[in-house]
Amino acid sequence: MRWDELLDRLFDRYTDDLDEDALRRLERNVAEDALPELIAFIETGMDRGDLRDDEIDTALDLARRNRLLKSSQALAKELEKLKASRSSK
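About the thresholds
Residues numbered from 1 in each chain as written. Predicted model: local features only at pLDDT ≥ 70, side-chain atom pairs only at ≥ 80, totals over all residues. Heavy atoms only, no water. Helix = DSSP H or I, 4+ residues; strand = E, 2+ residues; numbered from the N terminus. Buried < 20%, exposed > 50% of the residue type's maximum accessible area, 1.4 Å probe, protein only. Polar contact = N/O pair within 3.5 Å; in protein donor to acceptor, adjacent residues only side chain to side chain. Contact = heavy atoms within 4.5 Å.

(A) Highlighting the side chain of Thr-15. Following the sequence through the fold, Thr-15 ends up in the loop between α1 (3-14) and α2 (20-48). For Thr-15, a relative accessible area of 11% puts it in the buried group. Reaching out from Thr-15, the side chain makes a polar contact with the backbone oxygen of Phe-11 at a distance of 2.5 Å. Leaving out residues up to four positions away in the same chain, Thr-15 has contacts with Leu-23 and Leu-26.

(B) The environment of Arg-86, seen in detail. Along the polypeptide, Arg-86 turns up in helix α4 (residues 72-87). C-alpha of Arg-86 to C-alpha of Asp-53: the two residues are 33 residues apart in sequence and 8.6 Å apart in space. Ignoring anything within four residues of it in the chain, the contact list for Arg-86 reads Gly-49, Asp-50, Leu-51, Arg-52, Asp-53 and Ile-56. A distance of 3.1 Å separates a polar atom in the side chain of Arg-86 from a polar atom in the side chain of Asp-53.

In structure tokens, the structure reads:
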């Protein structure tokens, strides 16, 4: 099992008793801690050219919705270029 799968499983198991505000705060904290690493991995994948199409689509969706912090707009432009270059092949 990967770490993110374990996190998802335990998160679902142990957050049932939280009220909506506490759950929202916890989700935000987890996301804020994970986002810088996710952004770094997306950038590494773009540099290496080995992102899969579904990964590009997911990253692009996150970037378009400004979910990738200050990097959202720049990543969206780069991911759109990458997606366009792949679809033209």
